[in-house]
Amino acid sequence: MSLTAEIVAIGDELIAGATVDTNSGWIARALEKLAIRNVRTQVVGDDEDETARAIVEAAERADVVLVIGGLGPTEDDRARHAVARAVGAELVHSDEAFDQVRAWYARAGREMPDTNRRQALLPQGAAILRNARGTAPGFALEFPTARGGRLIASLPGPPGEMSAMFESEVLPRLAERARRAGGGTAMHRFQLLGLSESVFAERVGDWMARDANPLIGSTVSQGVLTATLRARGADEAEARAALDARVAEFRPRFAEWTFREMERDESPRIEDALGPLLIERGLAFTAAESCTAGLIAARLARVPGISAVLGASFVTYSDDAKRRLVGVRPETLAAHGAVSAETAAEMAAGAAAAADARVSVAVSGIAGPGGGTAEKPVGTVAFATSVDGAVEAEVRRFPPTARDAIRDASANVALVLLWRRLTS
Ligand code: ATP
């Protein structure tokens, strides 16, 4: 039986919306690698009663409870009090925890305020979790319940401190527990272009049932559908076998739309795959961007080392810029308009020539909210890719959502189209 977990994230700023709770998602993904399933995340304010109640509820259901935040030195940081209350333990001063807080101040060359003494208070019987990046030590303790032993770990809120502590101090404990409990998971991802989520669901049929194994989940973002297949089994090998069988069935059924397959740790962002591919093959890249106005270049520029292949890129917003910078012919613009496969094709070819690049992409579209016509409504976007002089162009239609959503989807799809040409 694989283990379950619940997360309790603490912070007034989280429930007020001033800070987005990124820690819980990070932890849930880390747990998944150990075949531990996060079954619920609760977000509570800096309130001892609320937090204690959330912990008790979580421990009723889940084997592991992860409490995040509220370990600071101030009076409103109540995580340690809440955990102690939930498990019925006394809070006691720990010399070892105090030494760690003091050592952090000594390393930082700062004097320790007296309020930091509070950070040495731990529920009786708790083990200290070392904080490599900040003052607050975390702690872990076993919590017996009628349904069996629970593990509670309390970690600090700052994401850098939390993740470092989780990896070095919590993960080994959880891995050991997960090993004893048995159970394994395996995961595979497909990314598809040109298929709506409802048509996808129809074609997938009962593979998507809530209790299916493997379970298939789908999300659509920036014009791309991502399907995640997740299998469970008595151990890793059993999960892997169930997954491999479904992947083998999935692949031919969706081959027409699939442009990428991924194992669990790969980044789903297309530039993280395309950038290294361009660098590895030494393919100089450029873009001519109208409605995306630099988004494509900016996304590729996230990739370290991209300067090896990205020398120049063009924002050609006006017709005049399309003519002067990337050599689109006035006749083409007059005959087909700026948002057309013909114009996009000339933009891609002209950009490649102007930047002396072997591969290029071009985008010209109507991001709205104004500017749409019956023939070319908002969301109409022309794309072109050029690979060693061979140009392909097409017009796609995105739903007429928000301007930025259309621009983001256009940049993403342009990169996907180039990826598809270079990998198929
Ligand atoms: P500290 O010792 O720094 O006070 P703490 O454990 O008390 O640590 P909090 O005071 O709850 O942590 O939060 C510290 C910082 O971490 C805040 O800037 C907060 O916005 C951020 N933070 C807290 N929880 C989360 C979360 N779940 N996701 C993202 N950021 C968070």
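Let me begin by describing the structure that accompanies this report. Predicted, not measured: the structure shown is a model, and the values here were computed from it. (Residues numbered from 1 in each chain as written. Predicted model: local features only at pLDDT ≥ 70, side-chain atom pairs only at ≥ 80, totals over all residues. Heavy atoms only, no water.)

## Looking at the packing of helix H2 (residues 22-32) against helix H6 (residues 159-181)
Part 1: The N-to-C vectors of H2 and H6 enclose an angle of 25°; their axes lie 11 Å apart at closest approach. With respect to H6, the axis of H2 lies roughly parallel. Remark: the crossing between H2 and H6 carries right-handed chirality. Contacts between H2 and H6 involve Thr-22, Asn-23, Trp-26, Ile-27, Ala-30 and Leu-31 from the first element and Pro-159, Met-162, Ser-163, Phe-166, Glu-167 and Leu-174 from the second.
Part 2: Classifying every residue of the contact of H2 with H6 gives 8 nonpolar, 3 polar and 1 charged. (Axes fitted to C-alpha atoms, helices over the stretch in contact; angles between N-to-C directions. Helix = DSSP H or I, 4+ residues; strand = E, 2+ residues; numbered from the N terminus. Parallel < 35°, antiparallel > 145°, perpendicular 65-115°, else oblique. Left-handed = near helix turned anticlockwise from the far one by under 90°. Contact = heavy atoms within 4.5 Å. Nonpolar A, V, L, I, M, F, W, Y, C, P; charged D, E, K, R; others polar.)

## Examining a negative patch on the surface
Part 1: A cluster of acidic side chains, namely Asp-12, Glu-13, Asp-47 and Asp-76, defines a negative patch on the protein surface.
Part 2: With respect to the secondary-structure elements, Asp-76 resides in the loop between strand S3 (64-68) and helix H4 (79-87).
Part 3: Take Asp-76: its relative accessible area is 38%, and that puts it in the partly exposed class. (Patch = residues over 30% accessible without salt bridge, like charges linked within 9 Å, V, L, I, M, F, W, Y side chains within 5 Å. Areas by Shrake-Rupley, 256 points an atom, 1.4 Å probe, with all protein chains shown as cover. Salt bridge = Lys/Arg side-chain N within 4 Å of Asp/Glu carboxyl O. Lys, Arg positive; Asp, Glu negative; His and termini not counted. Charge placed at Lys NZ, Arg CZ, Asp CG, Glu CD. Buried < 20%, exposed > 50% of the residue type's maximum accessible area, 1.4 Å probe, protein only.)

## Quick word on the nonpolar core
Part 1: Of all hydrophobic cores here, the largest spans 40 residues; its most connected members are Leu-278, Phe-285, Ile-296 and Leu-422.
Part 2: Of all the secondary-structure elements, those providing two or more residues to this core are helix H9 (270-281), strand S13 (285-289), helix H10 (295-300), strand S15 (359-365), strand S16 (380-387) and helix H14 (403-423).
Part 3: Among the elements that take part in this core, H14 stands out by supplying 11 residues, more than any other.
Part 4: Among residues more than four places away in sequence, those in contact with Leu-422 are Leu-274, Leu-277, Leu-278, Arg-281, Leu-283, Val-359 and Val-387.
Part 5: The next biggest cluster of nonpolar side chains, apart from the first, holds 30 residues, and it includes Ala-58, Ala-59, Leu-71 and Phe-139. (Core = buried A, V, L, I, M, F, W, Y, C linked by side-chain atoms within 4.5 Å.)

## With respect to the site of the ligand
Part 1: Lining the immediate surroundings of the ligand are 18 residues, of which Asp-21, Asn-23, Leu-71, Gly-72 and Gly-157 lie closest.
Part 2: In this structure, Asn-23 approaches the ligand through a main-chain N or O atom, which is 3.2 Å from a nitrogen atom.
Part 3: Protein contacts shield 78% of the accessible area of the ligand, which totals 610 Å² for the unbound molecule.
Part 4: Contributions of two or more residues to the shell around the ligand are made by helix H1 (12-16) and H2.
Part 5: Taken together, the residues of the shell around the ligand sort by class into 7 nonpolar, 8 polar and 3 charged. (Near = heavy atom within 4 Å. Polar contact = N/O pair within 3.5 Å; in protein donor to acceptor, adjacent residues only side chain to side chain.)

## Points about the packing of aromatic side chains
Part 1: Applying the stated criterion across every chain, the model contains 9 aromatic pairs.
Part 2: Their ring planes at 45° and their centres at 5.1 Å tell us that Phe-200 and Phe-254 sit as a pair that is tilted. Of the two residues, Phe-200 is situated in helix H7 (residues 197-204) and Phe-254 in the loop between helix H8 (236-253) and strand S12 (258-262); the sequence distance between them amounts to 54 residues.
Part 3: Under the relative-accessibility criterion, Phe-254 is labelled buried at 0%.
Part 4: On the basis of an interplanar angle of 35° and a centroid distance of 4.5 Å, the ring pair of Phe-250 and Phe-254 is categorised as tilted.
Part 5: Look at Phe-250 and you get buried, because its relative accessible area is 0%.
Part 6: An aromatic cluster of at least three residues, connected via ring pairs, comprises Phe-190, Phe-200, Trp-207, Phe-250, Phe-254 and Trp-257. (Phe/Tyr/Trp six-rings, centres within 6.5 Å; stacked < 30°, edge-to-face > 60°.)

## Regarding the packing of H9 against H14
Part 1: Two numbers describe how H9 lies on H14: the axes approach to 10 Å, and their chain directions differ by 45°. On the basis of the axis angle, H9 is oblique to H14. Along this stretch, H9 crosses H14, giving a crossing that reads as left-handed. Between H9 and H14, the contacting residues are Ile-270, Glu-271, Ala-273, Leu-274, Leu-277, Leu-278 and Arg-281 on the first element and Asn-412, Leu-415, Val-416, Leu-418, Trp-419, Leu-422 and Thr-423 on the second.
Part 2: Its residues assigned to classes, the contact of H9 with H14 comprises 10 nonpolar, 2 polar and 2 charged.

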